[in-house]
Amino acid sequence: GIQVEQSPPDLILQEGANSTLRCNFSDSVNNLQWFHQNPWGQLINLFYIPSGTKQNGRLSATTVATERYSLLYISSSQTTDSGVYFCAVGYLGSGAGSYQLTFGKGTKLSVIP
Amino acid sequence: GAGVSQSPSNKVTEKGKDVELRCDPISGHTALYWYRQSLGQGLEFLIYFQGNSAPDKSGLPSDRFSAERTGGSVSTLTIQRTQQEDSAVYLCASSFRDRFYEQYFGPGTRLTVT
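Rules used in this analysis
- Residues numbered from 1 in each chain as written.
- Chains lettered and ligands numbered in written order.
- Predicted model: local features only at pLDDT ≥ 70, side-chain atom pairs only at ≥ 80, totals over all residues.
- Heavy atoms only, no water.
- Phe/Tyr/Trp six-rings, centres within 6.5 Å; stacked < 30°, edge-to-face > 60°.
- Helix = DSSP H or I, 4+ residues; strand = E, 2+ residues; numbered from the N terminus.
- Lys NZ or Arg CZ within 6 Å of the ring centre and 35° of its normal.
- Contact = heavy atoms within 4.5 Å.
- Buried area = accessible area lost by both parts, 1.4 Å probe.
- Salt bridge = Lys/Arg side-chain N within 4 Å of Asp/Glu carboxyl O.
- Polar contact = N/O pair within 3.5 Å; in protein donor to acceptor, adjacent residues only side chain to side chain.
- Pairing = 2+ DSSP bridges.
- Axes fitted to C-alpha atoms, helices over the stretch in contact; angles between N-to-C directions.

> Pulling in residues and values, what's your account of the packing of aromatic side chains?
Any pair of aromatic rings gets described here by the distance separating the centres and the angle formed by the planes. Within the structure shown, the criterion is met by 12 aromatic pairs over all chains. With a centroid separation of 4.4 Å and 45 degrees between ring planes, the pair formed by A:Tyr99 and B:Phe100 is classed as tilted. Here the residue A:Tyr99 occupies a position in strand S10 (residues 99-103), and B:Phe100 occupies one in the loop between strand S8 (88-95) and strand S9 (104-105), the pair thus bridging two chains. Stacked on the ring of A:Tyr69, the Lys or Arg A:Arg22 has its end atom at 4.3 Å from the ring centre.

> Describe the interface of chain A and chain B, and please don't skip the residues or the numbers.
Residue-level contacts link 18 residues of chain A with 23 residues of chain B. Taking both partners together, chain A and chain B bury about 1700 Å²; carbon and sulfur atoms supply 55% of that area. Our count for the contact surface shared by chain A and chain B stands at 0 salt bridges. Applying the counting rule to chain A against chain B returns 7 residue pairs in polar contact (both at pLDDT 80 or more). Mapped by element, the contributors of at least two residues to the side of chain A that touches chain B are strand S4 (31-37), strand S5 (43-48), strand S9 (83-92) and S10 of chain A.

> How would you sum up the sheet that holds strand S7 (residues 59-64) of chain A? Please name residues and give values.
Residue and element names in this part refer to chain A. Taken in spatial order, the 5 strands of this open sheet run S1-S3-S8-S7-S6, and their pairing is antiparallel. The sheet is open, and its two borders are formed by strand S1 (4-7) and strand S6 (52-56), each paired with just one other strand. Geometrically, the sheet is characterised by an average inter-axis angle of 15 degrees between neighbouring strands, direction not taken into account. Relative to strand S8 (residues 69-74), S7 is paired through 6 bridges, and the arrangement is antiparallel. Paired with serine 60 across the bridge in S8 is tyrosine 73.

Below you can see the structure in the form of structure tokens.
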């Protein structure tokens, strides 16, 4: 199956700093998503970005599908940005139209005041 | 409105016992997903339900795992004869069928098998 690799595995930032998280995937994909899991375990959709660039406040994401990678940018980081960021590749199955996500191992971000 | 709810939030069971985990999706969401998050394997897809269609069970790790969805709403994930390697957080998510990329996740059930 498809492999999803994220880097770095861990990241510590001073509040206010910027960062870039990377996601590489082993095959061409049509669906790429970024998630944030907060320290209490809640998983939240950030972006659905099969290609191109999207921005939402201090976060933005870029996917270059032809080169099989996606980047998540966090600007002016805040302590509330702490948690684990997951990249996931979506696969549309046949039949009932199943949609499965294959997740990377995540990047654990700690923002310190 | 209410989000996805799961119960129990925590479950400790002895090896060999059966457990049932419950998921209440967001009202109106016809698609429902179960995932498992463990230290060793990360986040893994388990099963997908869409309306009254046959579920996609391709992610279930063994025949000890089963799931059902009654009336197109509430879902129950059952693990029979639990093993220690079943210890994990079990996450449920739901979405509208055509907005599969907008999955809303529940808080999870933390299962510990002793």
